[in-house]
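This is what each chain is made of:
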Number of protein chains: 2
Amino acid sequence: MAKKVLIVYAHQSSGSFNAAAKNAAVEVLTAQGCTVDVSDLYAMGFKATATAEDIKGEVKNAENFCYLEESKLAWEQGKLSADIMEEQSRLTEADLIIFQFPMYWFSVPAILKGWIDRVLTNGFAFSQEKRYSQGIFKDKKAMLSFTTGSLESMFSPTGINGDMNVTLWPLQNGILHYCGFQVLAPQIFWAPSSAVAEDRKSMLESWRTRLQSLLEEKPLSFISLDCFDDKAFQLKPEVHEKHASKEFGLTVGIHLNKPLPPHSQMKNGCGCCSELL
Amino acid sequence: MAKKVLIVYAHQSSGSFNAAAKNAAVEVLTAQGCTVDVSDLYAMGFKATATAEDIKGEVKNAENFCYLEESKLAWEQGKLSADIMEEQSRLTEADLIIFQFPMYWFSVPAILKGWIDRVLTNGFAFSQEKRYSQGIFKDKKAMLSFTTGSLESMFSPTGINGDMNVTLWPLQNGILHYCGFQVLAPQIFWAPSSAVAEDRKSMLESWRTRLQSLLEEKPLSFISLDCFDDKAFQLKPEVHEKHASKEFGLTVGIHLNKPLPPHSQMKNGCGCCSELL
């Protein structure tokens, strides 16, 4: 069956490397028969800030406004603002979401954080019961595709910026996996602005090659919700025990005070914890 | 000498726990003789998105607009928009910056990410030579003060959200320490919205107590820029060697494939790497 792809794209300029990466994705995926939709956040003038204006009509508690609660209620009652509802409907349609952006300050640019804060509404994207491996979007895939200013070596366990796997954890676990998405390995374009034209071209070429079979890729490994008790959300003793003799922790965050599993946020098929998944 | 404090505050409601935490800081620090300034981002309608409108007059390369380069040039030429220049002047005045916010999606809310993306301009806040321990703001202190939705146990190395030290690394290392700030231990208010009134009150009381001597606290430990070679920005072999027999990595990110140093992003005076600093 033909797949639907949503690209959430956050760059100001159509002449940028990020634009070229986005265009390559549109082209290659469309040629495969996918339907590709693009949310071009800067071009849309997308509102980044989570405010009471995101809710049509009166809010429940104006005195002590809580965005998490008010937006949940508004979603239930169909009272979210039109721009949020439009993005939610695009997301609902999609089988795969690609976030394309330049890394700003070890994270996503504010306009993309605004999309995350406003579109992934409590109730629509997650609930207390439906998150992580039981998450609402567990039948969808998602991935980060981004450019860095720094070279790859600087983002290593001995490099000045530290291990990129650590930097990716809050984004890939705390946002994508939290909502249930199967997270595909990130596409990282290392410092294209410092590269010569030929190297930039070859970065795009390998992205095009990857895109050919992107939808068949195995996702990154995370820990199943079953491995945690359902009161305190702590790893069950039997899981902990089973892993006691292992060299590495389970994931970057759930590291059990062991060394981090190598490349677990960068490469799929990390075998170290697959038996638990 | 009386100190100047800037609180960058990101909550929509004056009735919130975050507002109470901000007010407590204003009160206690003012009573100590500090001058306290507050940037109330939602009340100011602070623009979160990094766009060409941040630059007065014509940009250098409209075809291939690069925010990092254009904003650097605009800062050099005094052409940044008034709202950015105003925040930069507040930051320049301050000895201590407190970021007060509710954690959204394992990070800061988009409006605060916008302050970071737009105010910490290339040239003003960092340069290729002036960053990390040689950073421009190395005589200033900064800290995160935030509320979570989750309980503390959930943000542990065996908890469902993973170790909070990992989640804090990109923020505290990649933004605050990157600009040179001495990073004070974060003030984390664990799930105040799930707490009873008495517990919320006691959270605020311990914050007030901490504020009494906040300015005398030792900052968190990071690795000095001298420990890296100045071409590839890799840890120097002699530093690596000196640390070879140690149980823990140096920091969360620069972990040398060893277990992470416990609490290193949460508590000051982590001793494990102090000899290198």
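Residues numbered from 1 in each chain as written. Chains lettered and ligands numbered in written order. Predicted model: local features only at pLDDT ≥ 70, side-chain atom pairs only at ≥ 80, totals over all residues. Heavy atoms only, no water.

Q: Would you mind showing me how to read the packing of aromatic side chains here?
A: Aromatic ring pairs are described here by two measures, namely the spacing of the ring centres and the angle between the planes. All told, the structure shown has 30 aromatic pairs over all chains when counted by the stated rule. Note on Trp105 of chain A and Phe126 of chain B: the rings are 5.4 Å apart at their centroids and 85 degrees apart in plane angle, and the pair reads as edge-to-face. With Trp105 of chain A in the loop between β3 (96-102) and α5 (110-119) and Phe126 of chain B in the loop between α5 (110-119) and β4 (141-147), this residue pair bridges two chains. Here Trp105 of chain A and Phe126 of chain B have matching classes, each one buried. With centroids separated by 5.1 Å and ring planes inclined at 70 degrees, the aromatic side chains of Phe17 of chain B and Phe189 of chain B adopt a geometry described as edge-to-face. Highlighted residues: Phe17 of chain B in helix α1 (residues 17-31) and Phe189 of chain B in strand β6 (residues 187-189), separated in sequence by 172 residues. A cation over a ring is seen here: Arg118 of chain B above Phe46 of chain B, with NZ or CZ 5.1 Å from the ring centre. (Phe/Tyr/Trp six-rings, centres within 6.5 Å; stacked < 30°, edge-to-face > 60°. Helix = DSSP H or I, 4+ residues; strand = E, 2+ residues; numbered from the N terminus. Buried < 20%, exposed > 50% of the residue type's maximum accessible area, 1.4 Å probe, protein only. Lys NZ or Arg CZ within 6 Å of the ring centre and 35° of its normal.)

Q: For this particular structure, what's the right way to read the packing of helix α1 (residues 17-31) of chain A against helix α7 (residues 197-212) of chain A?
A: A pair of packed helices is characterised by two quantities: the angle between their axes and the separation of those axes. All names here are of chain A. Where α1 contacts α7, the axes come no closer than 9 Å and their chain directions differ by 30 degrees. Of the possible angle classes, the one that applies to α1 and α7 is roughly parallel. The two elements α1 and α7 cross, and the hand of that crossing is right-handed. Mapping the contact onto sequence places Phe17, Ala20, Ala21, Ala24, Ala25, Glu27, Val28 and Leu29 in α1 and Arg200, Met203, Leu204, Trp207, Arg208, Leu211 and Gln212 in α7. Partitioned by chemical class, the residues of the contact of α1 with α7 number 11 nonpolar, one polar and three charged. (Axes fitted to C-alpha atoms, helices over the stretch in contact; angles between N-to-C directions. Parallel < 35°, antiparallel > 145°, perpendicular 65-115°, else oblique. Left-handed = near helix turned anticlockwise from the far one by under 90°. Contact = heavy atoms within 4.5 Å. Nonpolar A, V, L, I, M, F, W, Y, C, P; charged D, E, K, R; others polar.)

Q: Whenever I open this one, the pairing of strand β2 (residues 35-40) of chain A confuses me. Can you help?
A: On any regular strand, side chains alternate: one points to one face of the sheet, the next to the other face. Residues and elements named next belong to chain A. Of the strand pairs in this sheet, strand β1 (residues 4-9) and β2 are connected by six bridges, and their pairing is parallel. In the strand pairing of β2, Leu6 is matched with Asp37. The handedness of the β1 to β2 crossover, carried by α1, is right-handed. (Pairing = 2+ DSSP bridges. Right-handed = clockwise from strand over helix to strand, strands pointing away.)

Q: Could you clarify how one ought to interpret the relation of the copies chain A and chain B in this entry?
A: For these two chains of identical sequence, chain A goes onto chain B by a turn of 180 degrees and a shift of 0.0 Å along the axis, with RMSD 0.0 Å. Expressed as a symmetry operation, the mapping of one chain copy onto the other fits a two-fold axis. Rotation axis and chain A: the residue whose C-alpha lies nearest the axis is Pro259 of chain A, separated from it by 2.1 Å. When you check the interface residues of chain A against chain B, 100% turn up at the interface there too, and the contact is symmetric in its surfaces. (Least-squares fit on C-alpha atoms with pLDDT ≥ 70 in both.)

Q: Where do I start with the domain arrangement of chain A in this structure?
A: Buried accessible area, meaning the area lost when the parts come together, often serves as the stated size of an interface. Residue and element names in this part refer to chain A. Each assigned domain of chain A is listed with its residue range as follows: domain 1 (4-218) and domain 2 (221-276). Taken over C-alpha atoms, the centre of domain 1 sits 25 Å from the centre of domain 2. Residue-level contacts link 22 residues of domain 1 with 18 residues of domain 2. With both chains or domains summed, domain 1 and domain 2 bury close to 1,500 Å², and 63% of this area falls on carbon and sulfur atoms. Its largest share of buried area at the contact with domain 2, domain 1 owes to Asn165, Trp169 and Lys218, together 39% of the area lost on that side. For the pair domain 1 and domain 2, the number of links is zero salt bridges. Inspection of the region where domain 1 meets domain 2 yields six residue pairs in polar contact (both at pLDDT 80 or more). At eight residues, the largest contribution of residues to the side of domain 1 that touches domain 2 is made by helix α6 (residues 164-177). Of the residues belonging to the side of domain 1 that touches domain 2, the class tally is 10 nonpolar, seven polar and five charged. (Domains from an automatic or database assignment. Buried area = accessible area lost by both parts, 1.4 Å probe. Salt bridge = Lys/Arg side-chain N within 4 Å of Asp/Glu carboxyl O. Polar contact = N/O pair within 3.5 Å; in protein donor to acceptor, adjacent residues only side chain to side chain.)

Q: Would you mind showing me how to read empty space enclosed by the protein here?
A: Empty space left among the atoms is revealed by rolling a probe the size of a water molecule over them. Considering all chains together, one arrives at five cavities of 30 Å³ or more under this definition. Counting residues per element, the ones that place at least two in the lining of the largest cavity are α6 of chain A together with α6 (164-176) of chain B. Roughly 60 Å³ of internal volume is contained in the second largest cavity. Lining the second largest cavity we find Ile160 of chain A together with Tyr132, Trp169, Asn173, His177, Phe222, Ile223, Leu225, Phe228, Thr251 and Ile254 of chain B. When its residues are assigned to classes, the lining of the second largest cavity shows eight nonpolar, three polar and no charged. Split by domain, the lining of the second largest cavity shows at least three residues from each of two domains, domain 1 (4-218) and domain 2 (221-276) of chain B. (1 Å grid on protein atoms, 1.4 Å probe; cavity = no way out; pocket = protein on both sides within 12 Å on 5 of 7 lines; lining within 4 Å. Points joined across faces, edges and corners; volume = space filled by probe spheres on them.)

Q: Mind showing me how you'd approach the environment of Lys231 of chain B here?
A: As for its position among the elements, Lys231 of chain B is in the loop between α7 (197-212) and α8 (237-242). In this structure, the C-alpha to C-alpha distance between Lys231 of chain B and Glu86 of chain B, residues 145 residues apart in sequence, is 36 Å.

Q: Even after reading the chapter, I still don't get helix α3 (residues 67-76) of chain B, so can you show me in this structure?
A: The α-helix advances 3.6 residues per turn, and as a result positions three or four apart in sequence lie on the same side. Residue and element names in this part refer to chain B. Along α3, the residues classified as buried are Tyr67, Glu70, Ser71 and Ala74. Projected down its long axis, α3 shows its buried positions confined to an angular sector of 95 degrees, all on one face. Buried residues in α3 make contact with α4 (82-93) and α5. At the exit of α3 stands Gly78, carrying a positive phi of roughly 65 degrees. (Arc of directions from axis to C-beta.)

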